[in-house]
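Structural description and commentary
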Amino acid sequence: MAGYWKGTATEEDSNRSYEAVALIDADGNAQWLLTRTGLLEEDGFVVSANVCCESEFEDDATGKELGETRTHDARIDAEVDGNALGGDLRFRGDDYEFTLSRSLYGDRKSVV
């Protein structure tokens, strides 16, 4: 799963779309960053977990809203299929579906 992944995530209930980036290093340390520019402000959050070392991952994670210091429970279910990283993410009771493509920057051994 190691690499730099970019794409979109969609909140399932509201159908709001977020820009999504996943940074995963060779040891499996991963961060998903979802951001969205709204009419009045930007919003988003980051979720982190260790996804070592398979092409599939399903487990609990932790996350933070951008600009906050409190952590919240999260869950990630992700799978690599060729050059695509896709799956589901749950953060603060909201469900998101994401599809990311491997970026050209993802060829490095350690990106986080």
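Data block above holds the structure.
Residues numbered from 1 in each chain as written. Predicted model: local features only at pLDDT ≥ 70, side-chain atom pairs only at ≥ 80, totals over all residues. Heavy atoms only, no water.

**Thoughts on the nonpolar core**
- Trp32, Ile76, Leu85 and Leu89 are the most contacted members of the largest nonpolar core, which totals 26 residues.
- Among the secondary structure elements, those contributing two or more residues to this core are strand E1 (3–11), strand E2 (17–24), strand E3 (29–37), strand E4 (42–50), strand E5 (56–65), strand E6 (72–81), strand E7 (84–91) and strand E8 (94–102).
- Discounting chain neighbours no more than four positions away, the residues touching Leu89 are Trp32, Phe45, Val47, Arg75, Ile76, Asp94, Asp95, Tyr96 and Phe98. (Core = buried A, V, L, I, M, F, W, Y, C linked by side-chain atoms within 4.5 Å. Buried < 20%, exposed > 50% of the residue type's maximum accessible area, 1.4 Å probe, protein only. Helix = DSSP H or I, 4+ residues; strand = E, 2+ residues; numbered from the N terminus. Contact = heavy atoms within 4.5 Å.)

**Focus on the side chain of His72**
- Along the chain, His72 turns up in strand E6.
- Assessed through its relative accessible area of 15%, His72 is described here as buried.
- His72 has contacts with Ala61, Thr62, Gly63, Phe91 and Arg92, leaving out every residue within four places of it along the chain.

**Quick notes on the pairing of E8**
- Here E1 pairs with E8 via seven bridges, running antiparallel. Counterpart to Thr10 in the pairing with E8 is Glu97.
- Remark: two residues form the turn of the hairpin made by E7 and E8, two consecutive strands paired antiparallel; Arg92 in that turn has positive phi of roughly 55 degrees. (Pairing = 2+ DSSP bridges.)

Remember that the coordinates give geometry; whether it matters functionally is a separate question.
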